[in-house]
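# A structural walkthrough
Listed below are the residues making up each chain.
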Amino acid sequence: MSKVFSAMAVSADGYVTGRGPGPGRGLGDGGMLFDWYFDGDTPSRVFGGFKLSEPSARVFDALAGRVGAVVAGRNTYEDSDRFGGGSPHPAAPLFVLSHRPAPEMTDRQTLVTAGIGEAVAAAREAAGDKDVALMGGGVVTEALKAGMVDELVLHQVPVLLGAGRPYFQELPEHVRLRLVEVVPAPGVTHLHYEVER
């Protein structure tokens, strides 16, 4: 069965954006969270234009190669300028979880309004034997609450942003993790966890 995971860049103090994210502003003043995508000399085999360090390319491409569909929250969708009508992944369809209408969806994008369970189910069907990637703190938190997340990957960037949108929102109980792998790389440390059940 396919897995559900999240792999996002995060500051050392737990933020996935800086101050003032939004349409046309992306991550706000937190753009340095993505510097490691372009600070190396190893081209990504999945994402054109990304040149990472060798250890980051190995981790990033392994994760990207697993993705068959993406579920993103509405804030992530809007902050990313609706992914230009596509998806954050070059080959995977996007499912946008929102309770508000989204009038400009394209054929690579599907609006899901019935909750995280419906969004993950639709993404699993589209992903086939590949995995479902989650984007956005709200989506990840809702999926954790529902017991749907198998793995978490924190691409931890050595900066304290001090404010922004957190990777994780309030959870009703502890979620125990098992460390699978730590890969230090220039400008980022890749922390791979399995969610314990």
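See the structure printed just above.
First things first, this report covers the structure right here in the doc. Because the structure is a prediction, the values reported are computed rather than measured.

### A look at the overall build of the protein chain
For the protein chain, the count of helices and strands is 4 helices and 10 strands. Secondary structure elements in the protein chain, listed N-terminal to C-terminal, are β-β-β-α-β-α-β-β-α-β-α-β-β-β. What you see for the protein chain is a C-alpha radius of gyration of 16 Å, in line with the 16 Å of a compact globule of 197 residues. Counting only C-alpha atoms and orienting by the principal axes, one finds that the protein chain spans roughly 40 × 40 × 35 Å.

### Topic: helix α1 (residues 54-66)
For α1, built from 13 residues, the straight-helix expectation of 18 Å at 1.5 Å per residue is met to within 8% by its first-to-last C-alpha distance of 19 Å. For α1, the set of buried residues is Pro55, Ser56, Ala57, Val59, Phe60, Asp61, Leu63 and Ala64.

### Concerning the sheet that holds strand β1 (residues 4-11)
Across the sheet, 8 strands lie side by side as β6-β5-β4-β7-β1-β8-β10-β9; this open sheet has mixed pairing. Every interior strand has two partners, whereas the edge strands, β6 (109-112) and β9 (177-185), have only one. The average undirected angle you get between the axes of adjacent strands in this sheet is 20°. In this sheet, strand β7 (residues 131-135) lies alongside β1 in parallel orientation, the contact comprising 3 bridges. Each bridged residue has a counterpart across the sheet, and for Val4 the counterpart in β7 is Val132.

### Regarding unusual backbone geometry
Of note in this structure, Asp81 is not a glycine but carries a positive phi near 50°. The exposure class of Asp81 is partly exposed, given its relative accessible area of 44%. Of note, the phi angle at Phe83 is positive, near 55°, even though the residue is not glycine. Position of Phe83 relative to the elements: it lies in the loop between α2 (74-79) and β5 (94-97).

### Quick word on the pairing of β5
Side chains Leu94 and Val96 project from β5 onto one buried face, and the interleaved Phe95 and Leu97 project onto a second face that is buried too. For strand β4 (residues 67-73) and β5, the ladder comprises 4 bridges, and the chain directions are parallel. Its bridge partner being in β5, Gly73 is matched across the sheet by Leu97. Here 4 bridges tie β5 to β6, and the two strands are oriented parallel to one another. The residue bridging Val96 from the neighbouring strand is Leu111, located in β6.

### Observations regarding the nonpolar core
Membership of the largest hydrophobic core comes to 27 residues, with the highest contact counts inside it found for Val71, Leu134, Leu152 and Tyr167. Counting residues per element, this core draws most heavily on helix α3 (residues 116-127), at 5 residues. Filtering out sequence-adjacent residues up to four positions away, Leu152 remains in contact with Ser6, Val140, Leu144, Tyr167, Phe168, Leu177, Leu191, His192, Tyr193 and Val195. Ranked by size, the runner-up nonpolar core spans 15 residues in total, among them Ala9, Phe47, Phe50 and Ala64.

### Considering the pattern of salt bridges
The tally for this structure, following the rule as stated, stands at 12 salt bridges. A salt bridge links Lys3 to Glu151, with the shortest nitrogen-to-oxygen separation between them at 3.2 Å. You can see Lys3 sitting in the segment before β1 and its partner Glu151 sitting in strand β8 (residues 151-157), a full 148 residues away along the chain. The shortest N-O distance in the salt bridge between Lys145 and Glu142 comes to 3.3 Å. Remark: Glu142 and Lys145 occur in helix α4 (residues 137-145); sequence separation between them is 3 residues, near one turn of the helix. For Lys145, a relative accessible area of 43% corresponds to the partly exposed category. Each member of the salt-bridge network shares a partner with another, and the members are Lys3, Arg66, Asp131 and Glu151.

About the criteria used
- Going along each chain's sequence as written, the residues are numbered from 1 onward.
- Note on the predicted model: pLDDT of at least 70 is required for a residue's local features to be given, and 80 or more for side-chain atom pairs to be given and counted; whole-chain, interface and lining totals, by contrast, use all residues.
- As a rule here, side-chain values cover all heavy atoms of the structure and leave hydrogens and water aside.
- Every helix listed is a DSSP run of H or I at least four residues long, and every strand listed is a run of E at least two residues long, numbered separately from the N terminus.
- Throughout, radius of gyration means the C-alpha value; the globule benchmark is 2.2 Å times the number of residues raised to the power 0.38.
- Here the expected length of a helix is defined as 1.5 Å per residue gap, with one fewer gap than residues.
- Only protein chains enter the accessibility calculation, which uses a 1.4 Å probe; a residue whose area is less than 20% of its type maximum is buried, one above 50% is exposed, and one in between is partly exposed.
- Pairing between two strands is assigned when DSSP locates at least 2 bridges connecting them.
- For helices, the fitted line uses only the C-alpha atoms of the stretch in contact; every axis is such a line through C-alpha atoms, and the angle between N-to-C directions lies from 0 to 180 degrees.
- Here, nonpolar core means buried Ala, Val, Leu, Ile, Met, Phe, Trp, Tyr and Cys residues that are tied together by side-chain atoms lying within 4.5 Å of each other.
- Two residues form a contact once any of their heavy atoms are found within 4.5 Å.
- One speaks of a salt bridge when a side-chain nitrogen belonging to Lys or Arg is within 4 Å of a carboxyl oxygen belonging to Asp or Glu.

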